[in-house]
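Below are the chains, spelled out letter by letter.
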Amino acid sequence: MARKQDDATATALEGPRRHGATVHDVARHAGVSSMTVSRVVNGSKGVRATLREKVEAAIRELNYVPNLAARAARSGTVKLGVLFSNPRSSNLGEFLMGAFAESAQLGCQLVIEPTAGHPRGIDAVRKIVELGVDGLVLPPPLCDNMEAMEILWNAQVPALSFATADPRSYSSSVSIDDFEGARSLTRHLLELGHRRIAFVRGDPLHSTARGREEGFRAAIAEVGIATREDFLANGDFTYRSGLNVGRELLDRNARARPTAVFASNDDMAAAIMAVAHGLGIRVPGQLSVAGFDDTPIASTVWPQLTTIHQPLAEMASAAVEILFEMARQRRAGERIETHHRRCEFTLQIRGSTGPPGDKR
């Protein structure tokens, strides 16, 4: 009986070897999904060690070798659309680096379209769908826009919401926990001794802006401090709005100023530091400033900015990986599965924050 079982196993393995094992053969042999196999092959993070070992063992047993050229020849090159909303954003380069690296690994083509080149962001969605993409990465605020989702549903194009703070069941997503990130940064300022902390909101159309404000308010409430309305300022994630907010918060009597400012992103935080320098306010001696995202500007300003590190390259890579698998399922006529990937944030403490300069 054991010999017959061995022969059956050998026969089952021989078929894939003879004809060339596919990712689906490996998945069946390892008892995992095809997406898990793809993640292991591409070196992506987030696969449990036990699953990774199963997949690697199946790859060795089946002599599986990824063949991107053959895959493209069989089904045509997969085209994935990527929209971006702010070409001047300091985090765009890192995002594109991660997206291009993953697309090269998978052998798919990226179609890049700026929403700024259209009267409305929704027009960019329509244009890129007309180009025949197999899936689309939606940035904020389009990732939270129901009209954009309806266009994609009607066209049967899979969507992935990138950097949303409000993941939905009807589309895949890649994000961090903006609420917890903001709460941890606010706690850092509170632990330094600050109690007069101003908060700069982001674009209200972005779910991330709302999540970050909620995290700030939660941390403030934990220590029993009432949120001061005159310390809440409206920005829109741009450097220019940070300049306006900086003058609003800092160009006042020293006793009426906050001792710390937490801006919803690094661009606004950097602008607020520039205003402080112009007014002769020492950072962090007289004012602590913190941002969010850990974009390149955070380490090029002086002093370097305390912020929440958002792993944008890793997130972009994950977005392309997930969307590629959804596009494959669509082409194969399979049920398209949604996936929600939550990446880890890190509190980066740098020179822009310190204890309050006095006991105001």
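See above for the structure.
Residues numbered from 1 in each chain as written. Predicted model: local features only at pLDDT ≥ 70, side-chain atom pairs only at ≥ 80, totals over all residues. Heavy atoms only, no water.

Draft legend 1. A look at the overall build of the protein chain. Across its full length, the protein chain holds 13 helices and twelve strands. Put simply, of all contacts in the protein chain between residues at least 6 apart along the chain, 72% involve residues at least 24 apart. A total accessible area of about 16600 Å² is found for the protein chain, and carbon and sulfur atoms account for 51% of it. (Helix = DSSP H or I, 4+ residues; strand = E, 2+ residues; numbered from the N terminus. Contact = heavy atoms within 4.5 Å. Areas by Shrake-Rupley, 256 points an atom, 1.4 Å probe, with all protein chains shown as cover.)

Draft legend 2. View of the environment of Gln109. In this structure, Gln109 sits in strand β2 (residues 109-114). Taking the relative accessible area as the measure of exposure, Gln109 reaches 39% and is therefore partly exposed. Spatially, the C-alpha atom of Gln109 lies 6.2 Å from that of Leu80, the residues being 29 residues apart in sequence. (Buried < 20%, exposed > 50% of the residue type's maximum accessible area, 1.4 Å probe, protein only.)

Draft legend 3. Here's a closer look at the sheet that holds strand β11 (residues 340-342). The six strands lie next to each other as β2-β1-β3-β4-β5-β11, forming an open sheet whose pairing is parallel. Where the open sheet ends on each side, the last strands, each with one partner, are β2 and β11. When the angles between neighbouring strand axes are averaged without regard to direction, this sheet yields 15 degrees. By the bridge criterion, three bridges tie strand β4 (residues 159-162) to strand β5 (residues 172-175) in an arrangement that is parallel. Within the sheet, the bridge partner assigned to Phe162 lies in β5 and is Val174. Strands in contact with helix α7 (residues 121-130) are β1 (79-84), β2 and β3 (135-138); relative to β1, the strand with the most contacts, it is inclined by about 165 degrees. (Pairing = 2+ DSSP bridges. Axes fitted to C-alpha atoms, helices over the stretch in contact; angles between N-to-C directions.)

Draft legend 4. Layout of the sheet that holds strand β8 (residues 260-263). The four strands lie next to each other as β7-β6-β8-β9, forming an open sheet whose pairing is parallel. Edge positions in the sheet fall to β7 (232-234) and β9 (288-290), since each of these pairs with one other strand and no more. Strand-to-strand, the axes of this sheet are offset by a mean angle of 15 degrees, without reference to chain direction. In this sheet, β7 lies alongside strand β6 (residues 197-201) in parallel orientation, the contact comprising three bridges. Bridging across to β7, Phe199 finds its partner in Leu232. Against the sheet, helix α10 (residues 207-222) engages β6, β7 and β8, with an angle of about 165 degrees to β6.

Draft legend 5. The pairing of β3, seen in detail. The side-chain alternation of β3 yields two buried faces, one formed by Gly135 and Val137 and the other by Leu136 and Leu138. Looking at chain direction, β1 and β3 are connected through three bridges and run parallel. Counted as the bridge partner of Val82 is Val137 from β3. Bridge analysis of β3 against β4 gives three bridges, and the strand direction is parallel. Note on β4: the bridge partner recorded for Leu136 is Ala159. Since β3 and β4 lie parallel, the crossover through helix α8 (residues 146-155) that links them has a hand, and here it is right-handed. (Right-handed = clockwise from strand over helix to strand, strands pointing away.)

Draft legend 6. Region of the structure containing the packing of helix α9 (residues 178-191) against α10. One can describe the packing of α9 onto α10 by two numbers: an axis separation of 7 Å at closest approach and a directional angle of 40 degrees. If you check the angle between α9 and α10, you find them oblique. Crossing of α9 over α10 shows right-handed handedness. Together, Asp178, Phe179, Ala182, Arg183, Thr186, Arg187 and Leu190 of α9 and Thr208, Gly211, Arg212, Glu214, Gly215, Phe216, Ala218, Ala219, Ile220 and Glu222 of α10 make up the contact between the two elements. Looking at side-chain class alone, the contact of α9 with α10 contains seven nonpolar, four polar and six charged residues. (Parallel < 35°, antiparallel > 145°, perpendicular 65-115°, else oblique. Left-handed = near helix turned anticlockwise from the far one by under 90°. Nonpolar A, V, L, I, M, F, W, Y, C, P; charged D, E, K, R; others polar.)

Draft legend 7. Structural detail: the pairing of β6. When you tally the buried positions in β6, you get four out of five residues, the bulk of the element. Following the chain from β6 across α10 to the adjacent parallel β7, one finds a crossover that is right-handed.

Draft legend 8. Quick peek at the environment of Trp153. By the element assignment, Trp153 lies in helix α8. The class for Trp153 is partly exposed, based on a relative accessible area of 42%. Along the chain, Trp153 and Ser171 lie 18 residues apart, while their C-alpha atoms are 9.9 Å from each other. Among all residues touching Trp153, those that are not within four sequence positions of it are Met146 and Tyr170.

Worth remembering: the numbers are spatial, not functional.
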